[in-house]
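# A look at the structure
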Amino acid sequence: MNSSVKKSLIAASGILTIAACIADMAMIYAFGKQIPGYNQLTDSLSSLGISESPVASQVCVWSVTLGIVFILFAIGFRSVFSGYGKNARIASWLIILYGLGECVASGVFRADTINGQLTSQALVHDLLGGIGVTALILLPLVLMRIFTRELSPAFYRFSQIAFVIGLTSTLLFAFRINYFRDTFLHIYSGVWQRIFLVNFYAYFITLAIIMINKTKKKTI
């Protein structure tokens, strides 16, 4: 493939990722507005796509599309940062796992319940989504080996912050189990998910900008 074409495709994947991150927050709000009684602070993102949701089909399509964007971004990232060896490959696979587990799989397998019990689809939804979330939490730790404190102190610190916020918000969301019912940890489970997304979308946008800028300078 021609070098200039490859650069253009990689840059396009970065731009798509920036647009997708911003669009997803808008789509979450828009989908929620179409569901009677849906509360952005207390209701989980998974409930947007359950079978009873009036926007279930749209949520499914959007989730799969979002996952594909992240996978393309991961491929572009690996190409640009290939010189960093296994750390670039690991980072790329972590992004792919997030795109597949938390986006594509969440769109395909709905988090339905029957008589208060999770269906087999919901169990797969939670399992694969959990793998995707774990991959994303680990991503900053791997990128700190590429963007070291000496080479990129600002992004290194950003990676530290992203990891702490990502891990903390995930743990808070995990407290939504029945044992903590009627506590603020359970009631505001929707908040923890949205903090997680805003945190890592800001991280993705920053990473995409770095990737695009590096693409302009690097021979690929």
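Residues numbered from 1 in each chain as written. Predicted model: local features only at pLDDT ≥ 70, side-chain atom pairs only at ≥ 80, totals over all residues. Heavy atoms only, no water.

## Thoughts on the side chain of Asp112
Considering the arrangement of structural elements, one finds Asp112 in the loop between α3 (86–108) and β1 (113–114). Beyond its immediate stretch of four places on either side in the chain, Asp112 contacts Ile50, Ser51, Glu52, Gln117, Leu118, Thr119 and Ala122. (Helix = DSSP H or I, 4+ residues; strand = E, 2+ residues; numbered from the N terminus. Contact = heavy atoms within 4.5 Å.)

## Thoughts on a positive patch on the surface
A cluster of basic residues, Arg78, Lys86, Arg89 and Arg145, forms a positive patch on the protein surface. With respect to the secondary-structure elements, Arg78 resides in helix α2 (residues 56–80). On the accessibility criterion, Arg78 (32% relative accessible area) is partly exposed. (Patch = residues over 30% accessible without salt bridge, like charges linked within 9 Å, V, L, I, M, F, W, Y side chains within 5 Å. Areas by Shrake-Rupley, 256 points an atom, 1.4 Å probe, with all protein chains shown as cover. Salt bridge = Lys/Arg side-chain N within 4 Å of Asp/Glu carboxyl O. Lys, Arg positive; Asp, Glu negative; His and termini not counted. Charge placed at Lys NZ, Arg CZ, Asp CG, Glu CD. Buried < 20%, exposed > 50% of the residue type's maximum accessible area, 1.4 Å probe, protein only.)

## What to know about the environment of Arg145
By the element assignment, Arg145 lies in the loop between α4 (120–143) and α5 (153–174). Residues Arg145 and Phe81, 64 residues apart in the sequence, show an inter-C-alpha distance of 12 Å.

## Overview of the nonpolar core
Within the largest apolar cluster, 50 residues are counted, with the highest numbers of intra-cluster contacts made by Phe70, Leu139, Leu143 and Phe204. With sequence-adjacent residues up to four places away left out, Leu139 is seen in contact with Ala91, Leu94, Ile95, Tyr203 and Phe204. (Core = buried A, V, L, I, M, F, W, Y, C linked by side-chain atoms within 4.5 Å.)

## Section: the packing of α4 against helix α7 (residues 189–217)
It is at 12 Å that the axes of α4 and α7 come closest, and there the two elements cross at 45 degrees. In terms of axis orientation, α4 runs oblique to α7. Like other packed secondary-structure pairs, α4 and α7 cross with a definite hand, here left-handed. Only Phe196, Phe200, Tyr203, Phe204 and Leu207 of α7 make contact with α4, whose side of the interface consists of Val133, Leu136, Ile137, Leu139, Pro140 and Leu143. For the contact of α4 with α7, the class distribution of residues is eleven nonpolar, no polar and no charged. (Axes fitted to C-alpha atoms, helices over the stretch in contact; angles between N-to-C directions. Parallel < 35°, antiparallel > 145°, perpendicular 65-115°, else oblique. Left-handed = near helix turned anticlockwise from the far one by under 90°. Nonpolar A, V, L, I, M, F, W, Y, C, P; charged D, E, K, R; others polar.)

## Some thoughts on α4
An α-helical turn contains 3.6 residues, so any two residues separated by three or four positions project in the same direction. A rise of 1.5 Å per residue sets the reference length of α4, with its 24 residues, at 34 Å; its end C-alpha atoms lie 35 Å apart and thus fit the reference within 8%. Ile137 marks the point of greatest bend in α4, at about 25 degrees, and the proline Pro140 comes within the next four residues. Among the residues of α4, Ala122, His125, Gly129, Gly132, Val133, Ala135, Leu136, Ile137, Leu139, Pro140, Val142 and Leu143 are the ones counted as buried. Tucked into the core, α4 has its buried residues touching α2, α3, β2 (117–118), α5 and α7. (Expected span 1.5 Å × (residues − 1). Bend = angle between axes of the 7 residues up to and from the residue.)

## Points about the packing of helix α1 (residues 3–33) against α7
Relative orientation of the contacting elements α1 and α7 amounts to 160 degrees, with a least axis distance of 9 Å. By the angle class used here, α1 and α7 are roughly antiparallel. Classified by chirality, the crossing of α7 by α1 is left-handed. A per-class count over the contact of α1 with α7 returns 17 nonpolar, four polar and four charged.

## Section: α1
For α1, spanning 31 residues, the distance from its first C-alpha to its last is 45 Å, which sits close to the expected 45 Å at 1.5 Å a residue. Taken as a whole, α1 has its buried residues at Ile10, Ala11, Ser13, Gly14, Thr17, Ile18, Ala20, Cys21, Asp24, Ile28, Phe31 and Gly32. Taken together, the buried residues of α1 touch α2 and α7.

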